[in-house]
Amino acid sequence: MLLRSTGNLCENRVPLEPADVPVPVPAGREVLIKVAACGVCHTELDEIESRTLPPHLPVILGHQVIGRVTSAGAGANRFREGDRVGVGWIYSACGRCEYCITGRENLCSGFRATGRDADGGYAEYMKVPEDFAHPIPAAFTDSQAAPLLCAGAIGYRSLRLTGLKNGQTLGLTGFGASGHLVLLMAKHRYPDSRVLVFARSKQEQAFARELGAAWAGDTEDKPPEPLDCIIDTTPVWRPVLAALENLKPGGRLVINAIRKEAGDLQSVLSLDYSRHLWLEKEVKSVANVTRQDISEFLELAARIGIKPEVQEYPLEAANQALLDLKERRIRGAKVLVV
Ligand SMILES: [Zn+2]
Ligand SMILES: [Zn+2]
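Reading the values: rules and limits
Residues numbered from 1 in each chain as written. Chains lettered and ligands numbered in written order. Predicted model: local features only at pLDDT ≥ 70, side-chain atom pairs only at ≥ 80, totals over all residues. Heavy atoms only, no water. Donors = N, O, S within 2.8 Å, 3.2 Å for Na, K, Ca; no water. Helix = DSSP H or I, 4+ residues; strand = E, 2+ residues; numbered from the N terminus. Buried < 20%, exposed > 50% of the residue type's maximum accessible area, 1.4 Å probe, protein only. Salt bridge = Lys/Arg side-chain N within 4 Å of Asp/Glu carboxyl O. Contact = heavy atoms within 4.5 Å. Patch = residues over 30% accessible without salt bridge, like charges linked within 9 Å, V, L, I, M, F, W, Y side chains within 5 Å. Areas by Shrake-Rupley, 256 points an atom, 1.4 Å probe, with all protein chains shown as cover. Tetrahedral: all angles 85-135°; square planar, octahedral: opposite > 155°, others 65-115°. Phe/Tyr/Trp six-rings, centres within 6.5 Å; stacked < 30°, edge-to-face > 60°. Lys NZ or Arg CZ within 6 Å of the ring centre and 35° of its normal. Core = buried A, V, L, I, M, F, W, Y, C linked by side-chain atoms within 4.5 Å. Pairing = 2+ DSSP bridges. Axes fitted to C-alpha atoms, helices over the stretch in contact; angles between N-to-C directions.

Novice: Even after reading the chapter, I still don't get the coordination of the zinc ion (ligand 1), so can you show me in this structure?
Specialist: Six octahedral donors around a metal ideally make angles of 90 or 180 degrees; four tetrahedral donors ideally make 109.5 degrees. Distances from the zinc ion (ligand 1) to its protein donors, C41 (SG), H63 (NE2) and C150 (SG), fall within 2.0 to 2.2 Å. Counting residues between consecutive donors of the zinc ion (ligand 1) along the chain gives the motif C-x21-H-x86-C. Taken together, the residues C41 in the loop between β3 (30–39) and α1 (42–48) and C150 in the loop between α2 (142–145) and α3 (151–162) connect sequence positions 109 residues apart. Exposure class is identical for C41 and C150. Each is buried.

Novice: Whenever I open this one, the pattern of salt bridges confuses me. Can you help?
Specialist: This structure, assessed with the given rule, holds 25 salt bridges. Residue D293 is joined to R157 by a salt bridge in which the shortest nitrogen-to-oxygen separation is 2.9 Å. Taken together, the residues span a long stretch of sequence, with D293 in helix α8 (residues 291–304) and R157 in helix α3 at a distance of 136 residues. R328 is the salt-bridge partner of E204, the closest N and O atoms lying 2.9 Å from each other. Here E204 is found in helix α5 (residues 202–210), whereas its partner R328 is found in the loop between α9 (318–326) and β18 (333–337), with 124 residues between them in sequence.

Novice: Honestly, helix α6 (residues 238–246) in this entry has me stumped. Any pointers?
Specialist: A turn of α-helix holds 3.6 residues, and therefore any two residues three or four places apart point the same way. Burial of α6 is extensive: seven of the nine residues sit out of reach of the surface. Residues of α6 that are buried include every one of P239, V240, L241, A242, A243, L244 and N246, and no others. Looking at the packing, one finds that the buried side of α6 touches β11 (170–173), β12 (195–198), β14 (227–232), β15 (247–255), α7 (273–277) and β16 (282–285).

Novice: Teacher, can you tell me more about a nonpolar patch on the surface here?
Specialist: Taken together, the side chains of Y273, W278 and L279 present a nonpolar region at the surface, about 360 Å² in accessible area. By the secondary structure assignment, L279 is in the loop between α7 and β16.

Novice: It is not clear to me how the side chain of R157 should be interpreted in this structure. Could you clarify?
Specialist: Residue classification places R157 among the buried positions, given a relative accessible area of 9%. Sequence-distant contacts of R157, that is, excluding residues within four places in its chain, are made with N106, V286, A287, N288, V289, T290 and D293.

Novice: Is there a simple way to explain unusual backbone geometry in this structure?
Specialist: Negative phi values dominate among residues other than glycine, just as trans dominates among peptide bonds. Cis geometry is adopted by the peptide bond preceding P58, which originates at L57 and carries an omega value of 0 degrees. The residue P58 is located in the loop between α1 and β4 (59–60) in this model. If you check the backbone angles, S50 has positive phi at about 65 degrees while not being a glycine. Along the chain, S50 falls in the loop between α1 and β4. Of note, N288 is a non-glycine position whose phi angle comes to about 60 degrees, a positive value. For N288, a relative accessible area of 17% puts it in the buried group.

Novice: Is there a simple way to think about the coordination of the zinc ion (ligand 2) in this case?
Specialist: Summarising the metal site, the zinc ion (ligand 2) is bound by the protein donors C94 (SG), C97 (SG), C100 (SG) and C108 (SG), whose distances to it range over 2.3 to 2.4 Å. Considering all four donor atoms around the zinc ion (ligand 2), angles at the metal cover 106 to 115 degrees and the coordination shape is tetrahedral.

Novice: Sorry, what's going on with the packing of aromatic side chains here?
Specialist: How two aromatic rings sit relative to each other is set out by the distance from centre to centre and by the angle between their planes. The tally for this structure, following the rule as stated, stands at three aromatic pairs. When the ring of Y156 is compared with that of F297, the centres are 6.2 Å apart and the planes differ by 50 degrees; the resulting orientation is tilted. Residue Y156 is located in helix α3, and its partner F297 is located in helix α8; the two are separated by 141 residues in the primary sequence. Take Y156: its relative accessible area is 6%, and that puts it in the buried class. Ring geometry for F175 against F207: centres 6.0 Å apart, planes inclined by 70 degrees, an arrangement best described as edge-to-face. Residue F175 is located in the loop between β11 and α4 (177–189), and its partner F207 is located in helix α5; the two are separated by 32 residues in the primary sequence. For the cation-ring pair, R291 lies above F132, with the distance from its terminal atom to the ring centre recorded as 3.9 Å.

Novice: Just checking my understanding: could you explain the nonpolar core for this structure?
Specialist: Soluble globular proteins: nonpolar side chains tend toward being buried together. Counting 91 residues, the largest nonpolar core has Y122, V128, L170, L172 and V197 as the members making the most contacts within it. Element by element, the count of residues in this core is highest for α3, at six residues. Filtering out sequence-adjacent residues up to four positions away, V197 remains in contact with L172, F175, A208, A213, W215, A216 and G217. Judged by nonpolar contacts, the second largest core, of eleven residues, contains L196, V240, A243 and I255.

Novice: Mind showing me how you'd approach the sheet that holds β11 here?
Specialist: Sheet strands associate in pairs through backbone hydrogen bonding, adopting either a parallel or an antiparallel arrangement. Strands sit in the order β13-β12-β11-β14-β15-β16 across an open sheet of six strands; the sheet is parallel. Strands with a single pairing partner mark the edges of an open sheet, and in this sheet they are β13 (215–217) and β16. Between one strand axis and the next, the sheet turns through 15 degrees on average, direction left out of account. Note: β11 against β14, four bridges, orientation parallel. Its bridge partner lying in β14, L170 is registered against C229. Seen against the sheet, α3 touches β11, β14, β15 and β16 and runs at an angle of roughly 155 degrees to β15. Its contacts with the sheet put α6 on β11, β12, β14, β15 and β16, and the angle it makes with β15 is roughly 150 degrees.

Set out below in structure tokens:
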């Protein structure tokens, strides 16, 4: 499914086009993967609508890819034919810069993203450097494993960046694919912490309570207590201000969004220093993921039995899946089945 040009999804509701392209040929240390499933992520909307532009078009989107190795370049030796692997947002990094050599390859200026800077998994085949493919634990089906690679891994990174300690209160604003996995992780890692969820829809609020949230309300509702840390996964600005107001002194807001939409940017002008920032409140964004985030999260998810709720679409229905995501027809994580 090729993305040939970018633009607003409301104007062009079928941005992806089915096409026959040659099967990629793995060279050097690359492996070729026959794709079985690929998760659909909000970042694909950001690419299609030019908030994070692919450097070259056409491009094949998709960065939550599960498949099996079918062949390899002459220099590759990590996998055997038939091995099940996954590919997440990190397609490659330089391996030599100050960030790469200190475990922060997500910040590398040479960071290349799967499905943006290189062809991704909305396809029957893709290739990837073998060091950036991840073995997938047997506990998951292909469709269950796909959303773990982005929503799960970046949720894991976000939770780590909050610096939360067991017993402290965590807020989640936005409750999509990543939020629900973070809630499950937090319940396990911080058993004495209360998790409060801010979500727009009543269904999402009910789902949060079902999964163990101590409280769930609207994104701008007043929570019953102030929060030590909040993770924001919304694409907009108003919840950022609401979250800052709800933080305890010394609290931290972690924003997990590759780009924010500009629609309500004006609301930032109501930022009030004493209400939103003073008393050592912190704001930190989350950028990309490292391979370590992905592999540690996969291991954790298998160990504690995290199984994401998924909604499957055939690959040919990728445009529909993207529209459903944009228009918030959400029942678990969306996965294209190839
Ligand atoms: Zn993603
Ligand atoms: Zn680097």
